Amino acid sequence: MGDKLGGLDVRGIVEMLLDFKGEKIIEFCRERLDEGVDPYEIFKELSRGLDEIGRGYERGRYFTSDLIVSGSNMKKAIEFLKPHLSRGRGGPRRGRVVLGTVKGDIHDIGKSILAILLQANGFEVIDLGIDVDEESFAKAVEEWQPDILGMSALLTSTMPYMERVIKALEERGLRDRVKIIVGGRPVTREFAKSIGADAYAEDAVEGVRRCLELLGEEP
Ligand code: B1M
């Protein structure tokens, strides 16, 4: 493998993500921070481990229980790294973003990273959580009057629900009140365009950039 991340190769990261006690992952994050590695880079390193587990799951090497343990360890890392990402990058409130993972989908790790980075860049974030239906998205747009609505989907089967939400906003006369950004593993720029979203981002860093652009600010 030969690709060392803080003394660990990708297999080492995978082992750490699959450790059901979840202690090693915090130790790893602390060491990487001490080495001066940017917290977002640490997320990316850990995400490579998750990718490997996802691929192994497809091949029958890992099971749903492995997805659960690795997902929960990743969330521990997010909680640990959160204060380090937010530190010193704040600023005036730039805009309000409502975020949610669409109905039928309970993956929230990428969305949580996006939420943290947006907050670190001066956005107010209302996180609706996972498995969010069209009605809840529409209500949140009415209630919170956000500048931007962000939807995340990790499953090919839930991705089409994003279009349904956009249609629901149109039917309620809310579509023109808000800019829409979509993202998540199976989502593409072409798909985003085809459903009438205003922006697409491949990862959370690009997500922040696109949100700034949507508000007419320099990224
Ligand atoms: Co799931 N799962 N999972 N899973 N899971 C995937 C997504 C999968 C690709 C694994 C695989 O087979 N290779 C596969 C989907 C296949 C498909 O649809 N084509 C899959 C499956 C099949 C399933 C179940 C159906 C398994 C089952 O039960 N039989 C089930 C579905 C449950 C459901 O949602 N209804 C399921 C369940 C789970 C867990 C709950 C156990 C757990 C999630 C825990 C959690 O999120 N709290 C889990 C996990 C951990 C994964 C993998 C391994 C990792 C996902 C992850 O967090 N990645 C995943 C394989 C993989 O992705 N490699 C897999 C790290 C995260 C940082 O990346 O979320 O992509 P990601 O976010 C990125 C970008 O996409 C982007 O920014 C982030 C990075 O900066 N981004 C946005 C995301 N949202 C954005 C929004 C934006 C902008 C950018 O704007 C608004």
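Predicted, not measured: the structure shown is a model, and the values here were computed from it.

This part covers the domain arrangement of the protein chain. Entries for the protein chain in the domain assignment read domain 1 (4–84) and domain 2 (95–214). Inter-centroid distance (C-alpha atoms) of domain 1 to domain 2 is 25 Å. Across the boundary between the two partners, domain 1 contributes 9 residues, which contact 10 residues of domain 2. For the pairing of domain 1 and domain 2, the buried interface totals around 830 Å² over both sides, and the portion due to carbon and sulfur atoms is 74%. Of all residues in domain 1, Tyr-40, Lys-75 and Ile-78 give up the largest surface area on contact with domain 2, accounting jointly for 54% of the area buried on that side. For the pair domain 1 and domain 2, the number of links is 2 salt bridges. Here Lys-75 makes a salt bridge to Asp-108, at a shortest N to O gap of 2.7 Å. Only α3 (39–58) and α4 (64–86) provide two or more residues apiece to the side of domain 1 that touches domain 2. Tallying contributions element by element places α4 first for the side of domain 1 that touches domain 2, with 5 residues. For the side of domain 1 that touches domain 2, the class distribution of residues is 5 nonpolar, 1 polar and 3 charged.

Each value, and the rule that gives it
- Residues numbered from 1 in each chain as written.
- Predicted model: local features only at pLDDT ≥ 70, side-chain atom pairs only at ≥ 80, totals over all residues.
- Heavy atoms only, no water.
- Domains from an automatic or database assignment.
- Contact = heavy atoms within 4.5 Å.
- Buried area = accessible area lost by both parts, 1.4 Å probe.
- Salt bridge = Lys/Arg side-chain N within 4 Å of Asp/Glu carboxyl O.
- Helix = DSSP H or I, 4+ residues; strand = E, 2+ residues; numbered from the N terminus.
- Nonpolar A, V, L, I, M, F, W, Y, C, P; charged D, E, K, R; others polar.

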